[in-house]
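# Per-entry structural report
Spelled out, the chains give:
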Number of protein chains: 2
Amino acid sequence: MSSPVTGGPGIESLGTMLTAGALLSDPASTEAYRHDWTRLPDAGTPLAVVRAGSAADVQATIRWAAEHRVPVVPRGAGTSLAGGATAVDGCLVLSTERMTGIEIDPTTRTAVVEPGAFNAAVKDAAAPHGLWYPPDPGSFRISSIGGNVATDAGGICCVKYGVTSDYVLGLDVVLADGRLVTLGGRTVKDVAGLPLLKLFVGSEGTLGVITRVVLRLLPSPSPAATLVAYFDDLRDAAWAVVAMGARVRPAMLELMDAASIGAVEDFQPMGLDREAGALLVAQSDAPGAARTDEITVMAGCCEEAGARSVFATDDPAEGDMFLEARRAAGPAIDARGSVLAEDICVPVDRLPTAMERIGAIAREHQVEIPVFAHAGDGNLHPAIVHVPGDQEGRRRAEAAFAAILQVALDCGGTITGEHGVGRTKRSALPAQLGPDVMELGQRVRNALDPLGILNPGVLW
Amino acid sequence: MSSPVTGGPGIESLGTMLTAGALLSDPASTEAYRHDWTRLPDAGTPLAVVRAGSAADVQATIRWAAEHRVPVVPRGAGTSLAGGATAVDGCLVLSTERMTGIEIDPTTRTAVVEPGAFNAAVKDAAAPHGLWYPPDPGSFRISSIGGNVATDAGGICCVKYGVTSDYVLGLDVVLADGRLVTLGGRTVKDVAGLPLLKLFVGSEGTLGVITRVVLRLLPSPSPAATLVAYFDDLRDAAWAVVAMGARVRPAMLELMDAASIGAVEDFQPMGLDREAGALLVAQSDAPGAARTDEITVMAGCCEEAGARSVFATDDPAEGDMFLEARRAAGPAIDARGSVLAEDICVPVDRLPTAMERIGAIAREHQVEIPVFAHAGDGNLHPAIVHVPGDQEGRRRAEAAFAAILQVALDCGGTITGEHGVGRTKRSALPAQLGPDVMELGQRVRNALDPLGILNPGVLW
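Residues numbered from 1 in each chain as written. Chains lettered and ligands numbered in written order. Predicted model: local features only at pLDDT ≥ 70, side-chain atom pairs only at ≥ 80, totals over all residues. Heavy atoms only, no water.

Going by what an unreviewed UniProt entry lists, chain A is known as Glycolate oxidase and is assigned to Blastococcus saxobsidens. Its UniProt record gives chain A a comment under Sequence similarities (unreviewed entry), which states: "Belongs to the FAD-binding oxidoreductase/transferase type 4 family." (UniProt positions renumbered as here; feature names shortened; annotations may be inferred.)

## Regarding the overall build of chain A
For chain A, the count of helices and strands is 14 helices and 19 strands. Counting only C-alpha atoms, chain A reaches 80 × 60 × 45 Å along its principal axes. Across the 460 residues that make up chain A, the buried fraction comes to 62%. Considering only contacts in chain A between residues 6 or more positions apart, those separated by 24 or more positions represent 72%. Carbon and sulfur atoms provide 52% of the accessible area of chain A, an area that totals close to 15700 Å². Counting 37 positive and 55 negative side-chain charges, chain A places the averaged centre of each group 4 Å from the other. (Helix = DSSP H or I, 4+ residues; strand = E, 2+ residues; numbered from the N terminus. Buried < 20%, exposed > 50% of the residue type's maximum accessible area, 1.4 Å probe, protein only. Contact = heavy atoms within 4.5 Å. Areas by Shrake-Rupley, 256 points an atom, 1.4 Å probe, with all protein chains shown as cover. Lys, Arg positive; Asp, Glu negative; His and termini not counted. Charge placed at Lys NZ, Arg CZ, Asp CG, Glu CD.)

## A few points about the sheet that holds strand β9 (residues 180-184) of chain B
Residue and element names in this part refer to chain B. One open sheet holds the five strands; their spatial order is β5-β6-β10-β8-β9, and the pairing between them is antiparallel. Strands at the two margins of the open sheet, each flanked by one partner only, are β5 (102-105) and β9. Adjacent strand axes in the sheet meet at a mean angle of 15 degrees when their direction is disregarded. Examined bridge by bridge, strand β8 (residues 168-174) and β9 share five bridges and lie antiparallel to one another. Within β9, the position partnered with V174 by the bridge is L180. (Pairing = 2+ DSSP bridges. Axes fitted to C-alpha atoms, helices over the stretch in contact; angles between N-to-C directions.)

## Some thoughts on the pairing of strand β2 (residues 48-51) of chain B
All names here are of chain B. With two bridges connecting them, strand β1 (residues 23-24) and β2 associate as antiparallel partners. Along β2, the bridge assignment pairs L24 with V49. The pairing of β2 with strand β4 (residues 92-95) spans four bridges and is classified as parallel. Looking at the pairing, V50 lines up with L94 of β4.

## Re the relation of the copies chain B and chain A
For these two chains of identical sequence, chain B goes onto chain A by a turn of 180 degrees and a shift of 0.0 Å along the axis, with RMSD 0.0 Å. Seen this way, the second copy is the image of the first under a two-fold rotation axis. An overlap of 100% is found between the interface residues of chain B and their copies at the interface of chain A, pointing to a shared contact surface. (Least-squares fit on C-alpha atoms with pLDDT ≥ 70 in both.)

## Section: the interface of chain B and chain A
By convention, interface size is frequently given as the accessible area that disappears when the constituent parts associate. Listed per partner, the contact involves 85 residues of chain B and 85 residues of chain A. At the boundary of chain B with chain A, total buried surface from both sides reaches about 6100 Å², with 66% on carbon and sulfur atoms. It is K189, V191 and L194 of chain B that lose the most area in chain B upon contact with chain A, and together they represent 14% of the buried surface on that side. Between the two partners, chain B and chain A, sit eight salt bridges. With a closest N to O distance of 3.7 Å, K189 of chain A and D377 of chain B form a salt bridge. Across the contact surface, chain B and chain A share 16 residue pairs in polar contact (both at pLDDT 80 or more). Elements represented by at least two residues in the side of chain B that touches chain A include exactly α6 (158-161), β9, α7 (196-200), β11 (218-219), α8 (234-247) and α15 (429-448) of chain B. Per-element tally for the side of chain B that touches chain A: the top contributor is α15 of chain B, with 13 residues. Tallied by class, residues from the side of chain B that touches chain A come to 40 nonpolar, 25 polar and 20 charged. (Buried area = accessible area lost by both parts, 1.4 Å probe. Salt bridge = Lys/Arg side-chain N within 4 Å of Asp/Glu carboxyl O. Polar contact = N/O pair within 3.5 Å; in protein donor to acceptor, adjacent residues only side chain to side chain. Nonpolar A, V, L, I, M, F, W, Y, C, P; charged D, E, K, R; others polar.)

Given below as structure tokens:
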């Protein structure tokens, strides 16, 4: 009597090709890989999970999946807020969490990083060499470089230092047929052939699985000075952002609305002004005395925009406190219930309009929508809070979610600035891109993954 | 009796679809569009030239070309150094030279630019608003934004401010079937869908024809201070470059070897030290007093590396003189004969090795190869000089050209840092990319241009 095949088409045949212990197929173990941080109610159940120990494991997994026409959901640290790493029924979840190597080359100022290494680990490895990896998504302490690259992750530093794609010099990628290709390298300029490297950064696991990344590092920045400004009116704060951006290059330019301030104070009292309509937190890391000059210019912009109070500090510890208050907004809002995380981005002059319309949507749909924002980039994170288990509340939250995506489009912006389309925004993507660009993307995806096995359901 | 069809398959039927005067089909007029700056001896003869006046002209041209299976060679200002805009027999040269509109939006710090506008015109249009378009290829005064985007052009500023792709927020592109698509927009972050925008930047006219570009602008930088250092030994200069890059972020870090210095002095005496083995020209545009600090650090790196003299100036006019000396290297070398322009890029720590090997190649092949370089990026421009009409000399120059490409590969670098593959380096591309990446690129190109009408012979 043959033993029963657990979990589908001869999965044990895959196990024999992998590093020992890489394959998890019992439901108790695979359960933890169904969801990412989006916690989609309709997450599927994987056939098995591969915890790859090497690029060879990734290749073997993809080859097996291609042979058996089994979908593959690539997964870094599972911190997607757009359902980008959410399992589908019968898939292989391909986790790179065990591939965490980091090598720093101080001479060429590069890091060679395996995809499972955390963003913060790269920063930590670079620091002793006087080097810095800038991209800093909110999840940087617990999100992986592979996921950061797959989503072209942003963060707080972007307003001055750009996004992940600005730092990716080279990639190893396992293609949909199991071949491993190396794109780019260690040079900071390289235009040999089509820009395929850039095509993979932000492709959300639909074109290949990243197994190695060469990152560009910068010299560590100067210590930052911090500016904090409270406003009665959110729109005034938004106009201050527009004014600052035209005159200086802040290293950080973040905004919290009254609801975000309140959420942080409820969660972890930090002495923020609950009476304010908005809080701006900005930094300058200009070297030497120029830092003071930049802060003075930024403070002037806030005062001209009608700030109720403006405060500046050169003390890094004091500045960090306000940065931590801003970083606490996400967890603080999460603590209020279930959250639909938005991530729209608008041209910076539409920031006041977008903020106003989001307020109207919250009132109309009777949902709480605190907003925090990478305001210097026009990148808004409205967080739509609803009560877990309240179906009617969930329905209203989803209606607000769709309405906010429409605000982005009406403002000439995008439905996603840095989280990705994933599974949560695919229905809105055609409205942004239009039929011709959708078809163009489908042609590229079909050319690279003709069997459609890589992250199906993501993007479209 | 029907009138003879001039220039191939019913070209007059195209003329009726275009803006008046857009179509040139008499050989006297089209002759000027056969060559770009590469002046390839085997440039073809076009069927006709379209001087598009609008995106609609571009669409009509491509639709006609697709219908008649006629190759299209897109052309900006024709300054390619890699044969990227060289005509092929029976093609349509599609010139965007008449599409020169520029609109600056100071609030969102963006420029909307038609492809034929010169790079310098964008800089000039931005300046009155206190804004700056950084990319500055050597050709910036006479090269077009469309060509800059198609090649992902670099320049002197890249060491601190990156390349063209870092500034492209949005593109209108006419696809190979004549459809016009809009990719990206005015937001600085946008991850909605596959990163198709990035795929077109640097695609060398093989995937579509750019008809409109949205560029990100920065606030104008602080005035720069300039550092000039002479070295006896080229290798010492190269090591100084490596040392500087690890400690500061120069706004410019350029190198000229002895032959380049001599060429400039022969061409236009500027008082450079002909006895030196190498000249470094570096700038800092750090704000305020930090500029002096950076220059001091860079001067220290030069002294530690054994510079024979180091000179610094805060006077912009004096600094500009050295920048102009560096910019004169190209024209000065061009004046010495025919030139094969190289553009390799190596990891910065391989700069000394690469320089040494290029010297050996010059001796071995008995050709003059002055080298100037965007040294901070490891991007070298060896210029292989030969006597026009000397076939044997041309043969030796071509052998040296191939040998230098091999140096790039041996150093883990790239055969082209910023000029593109064009037609001059396509034979070396497979050695750099390998068969799998070549095939991947071909799949993408075939998916977007199944008839193969866009810039055939470029890339592969």
